[in-house]
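# Coordinate inspection notes
For reference, the chains in residue letters:
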Amino acid sequence: MRLRKEGPFSGRNDMDSELPFFNLSVILRATGHFSIVNKLGEGGFGPVYMGMLKDGRKIAVKCLSKTSSQGVAELKNGVILITKLQHRNL
């Protein structure tokens, strides 16, 4: 698996071709280091944070909690589903 290093994305791999992978530094900057002020709520997977990328795009970051009964595969499926939906609130 090769990852691109330029820009905010660390790359994509074949298994997750529908999901971009952001560098952690980009996510930390966008969410204020997961500041409580940016916490939107808590779901079955764990906390969700809002953030703003350097280019002005708003993002939501779902974090998988260590105590979650759901796994990485379920989290990825949920994120893929949300990205396919087209709604102004998503």
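A brief report on the enclosed structure follows.

Rules and cut-offs
Residues numbered from 1 in each chain as written. Predicted model: local features only at pLDDT ≥ 70, side-chain atom pairs only at ≥ 80, totals over all residues. Heavy atoms only, no water. Pairing = 2+ DSSP bridges. Helix = DSSP H or I, 4+ residues; strand = E, 2+ residues; numbered from the N terminus. Axes fitted to C-alpha atoms, helices over the stretch in contact; angles between N-to-C directions. Phe/Tyr/Trp six-rings, centres within 6.5 Å; stacked < 30°, edge-to-face > 60°. Buried < 20%, exposed > 50% of the residue type's maximum accessible area, 1.4 Å probe, protein only. Arc of directions from axis to C-beta. Salt bridge = Lys/Arg side-chain N within 4 Å of Asp/Glu carboxyl O.

## Quick word on the sheet that holds strand S3 (residues 39-42)
Read from one edge to the other, the open sheet built from three strands follows the order S3-S4-S5, with strand pairing classed as antiparallel. The open sheet terminates on both sides in strands that have one partner only, identified here as S3 and strand S5 (58-62). Across the sheet, the mean angle from the axis of one strand to that of its neighbour is 20 degrees, orientation sign disregarded. Where strand S4 (residues 47-52) meets S5, five bridges bridge the pair, whose relative direction is antiparallel. Bridge pairing in S5 places Tyr49 opposite Val61.

## Describing the packing of aromatic side chains
Each pair of aromatic rings is reported with the distance of its centres and the angle of its planes. Here the structure, examined in full by the defined rule, presents one aromatic pair. Note on Phe34 and Tyr49: the rings are 5.1 Å apart at their centroids and 70 degrees apart in plane angle, and the pair reads as edge-to-face. Here the residue Phe34 occupies a position in the loop between helix H1 (24-31) and S3, and Tyr49 occupies one in strand S4, the gap between them amounting to 15 residues. Judged by its relative accessible area of 25%, Phe34 falls in the partly exposed class.

## What about H1?
Val26, Ile27, Ala30 and Thr31 are the residues of H1 that are buried. The arc that holds every buried residue of H1, seen down its axis, measures 115 degrees, which confines them to one face. Looking one or two residues past H1, Gly32 carries a phi angle of roughly 65 degrees, positive in sign.

## Digging into the pattern of salt bridges
Taken as a whole and assessed by the stated rule, the structure comprises two salt bridges. Glu42 serves as the salt-bridge partner of Lys39, at 2.9 Å between the closest nitrogen and oxygen. Its relative accessible area of 31% is what places Lys39 among the partly exposed residues. By relative accessible area, Glu42 is classed as exposed at 52%. Two residues, Asp55 and Arg57, come together in a salt bridge whose shortest N-O distance is 2.8 Å. Asp55 gets classed as exposed once you look at its relative accessible area, which sits at 52%. With a relative accessible area of 40%, Arg57 lands in the partly exposed category.

Functional significance is not addressed by these values, which are geometric in nature.
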